[in-house]
Amino acid sequence: DAGITQSPRYKITETGRQVTLMCHQTWSHSYMFWYRQDLGHGLRLIYYSAAADITDKGEVPDGYVVSRSKTENFPLTLESATRSQTSVYFCASSGGGGRKQYFGPGTRLTVT
Amino acid sequence: DQQVKQNSPSLSVQEGRISILNCDYTNSMFDYFLWYKKYPAEGPTFLISISSIKDKNEDGRFTVFLNKSAKHLSLHIVPSQPGDSAVYFCAASDASGAGSYQLTFGKGTKLSVIP
């Protein structure tokens, strides 16, 4: 009954480090999404995935890598973190032909 | 260029009165619109949606109005309650190709309901 979960909820990392944010959903939804929320910008799409092994770029993909080997997991990796990637990251999923997306609780990432 | 615009960053309303949140869009291919509500330190939660074949959808205290000719939608909350204090995001989707499952979000409006 977990729905969609994200881990960690809070993360502090240093510039240049690699960090991976995890997202897991229990609904077997086909679509999964990663967004970042920044003051003055709302929610911006980083990457999305239509199914396992199918991913595509969103509005702000630079500096991020995603993978989706299993339907339920959609990790987001910052290969070399920069201060501009300090943000709150939300994972979302949708399925069953509907366009409504269900969001996780978010990960607050700080890059020092 | 922003395709979904929420021009009011904040709105304050007295408890019991009506809250009206506005949203404008520029992409004429958008055919489905959603409102999400977000509390601090939580993810956005779905509130209400409307298809472009309708001009109104109601769910309890929440009503969304769509004016396609003006490319404008609004969310009405009546009566407003202190628990409605949150950031509200307008989102839109178009039915063409890959865009049909993507949502484009506005920047949000922070609603404060004053007791």
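Residues numbered from 1 in each chain as written. Chains lettered and ligands numbered in written order. Predicted model: local features only at pLDDT ≥ 70, side-chain atom pairs only at ≥ 80, totals over all residues. Heavy atoms only, no water.

Looking at the overall build of chain A
The test is simple: For the purposes of this entry, the term helix denotes a DSSP run of H or I that reaches at least four residues, the term strand denotes a run of E that reaches at least two, and both are numbered from the N terminus. We call two residues in contact when some of their heavy atoms are within 4.5 Å. Accessibility throughout is a Shrake-Rupley quantity obtained with a 1.4 Å probe, and a residue counts as covered only by protein chains that appear here.
Within chain A, the secondary structure is distributed over zero helices and eleven strands. Reading the secondary structure of chain A in the N-to-C direction produces β-β-β-β-β-β-β-β-β-β-β. With respect to the principal axes defined by its C-alpha atoms, chain A has extents near 40 × 25 × 25 Å. Residue pairs in contact within chain A that sit at least 24 positions apart in sequence constitute 54% of those at least 6 positions apart. In the structure as shown, chain A presents an accessible area of about 5400 Å², 47% of it carried by carbon and sulfur atoms.

Observations concerning a nonpolar patch on the surface
Residues and elements named next belong to chain B. Where we set the bar: Patches in this entry comprise residues that are over 30% relatively accessible and not in a salt bridge; like charges within 9 Å are linked, as are nonpolar side chains (Val, Leu, Ile, Met, Phe, Trp, Tyr) within 5 Å. Here, a salt bridge means any Lys or Arg side-chain nitrogen found within 4 Å of an Asp or Glu carboxyl oxygen. Burial here depends on accessible area, computed with a 1.4 Å probe over protein chains only, as a share of the maximum for the residue type. Under 20% is buried, over 50% is exposed, and the range in between is partly exposed.
Taken together, the side chains of Ile18, Ile20 and Val78 present a nonpolar region at the surface, about 220 Å² in accessible area. Structurally, valine 78 can be placed in the loop between strand 8 (72-77) and strand 9 (86-94). Overall, valine 78 belongs to the partly exposed group, its relative accessible area being 42%.

What about the sheet that holds strand 3 (residues 19-25) of chain B?
Residues and elements named next belong to chain B. We apply this condition: Two strands are said to pair when DSSP picks up at least two bridges between them.
The strand order across the open sheet built from five strands is 1-3-8-7-6, with neighbouring strands paired in antiparallel fashion. Each edge of the open sheet carries a strand with a single partner, namely strand 1 (4-5) and strand 6 (56-59). As judged from the six bridges shared by strand 3 and strand 8, these two strands associate in the antiparallel manner. The residue of strand 8 that forms the bridge with isoleucine 20 is histidine 76.

As for the state of the cysteines
Which entries qualify depends on this criterion: In what follows, a disulfide is any cysteine sulfur pair within 2.5 Å.
Inspection of the entire model under this criterion finds two disulfides over all chains. A disulfide bridge connects Cys23(A) with Cys91(A), and the sulfur atoms are separated by 1.8 Å. Across the S-S bond linking Cys23(A) and Cys91(A), the dihedral sits near -75°, which makes this disulfide left-handed. Here Cys91(A) lies in strand 9 (residues 87-94) and Cys23(A) lies in strand 3 (residues 19-25), a separation of 68 residues in the sequence. Judged by its relative accessible area of 2%, Cys23(A) falls in the buried class. With a sulfur-sulfur separation of 2.0 Å, Cys23(B) is cross-linked through a disulfide to Cys90(B). Negative torsions about the S-S bond denote left-handed disulfides, and the value of about -75° found for Cys23(B) with Cys90(B) makes this one left-handed. With Cys23(B) in strand 3 and Cys90(B) in strand 9, this pair connects stretches of sequence that are 67 residues apart. Across the pair, exposure class does not vary: Cys23(B) and Cys90(B) are buried alike.

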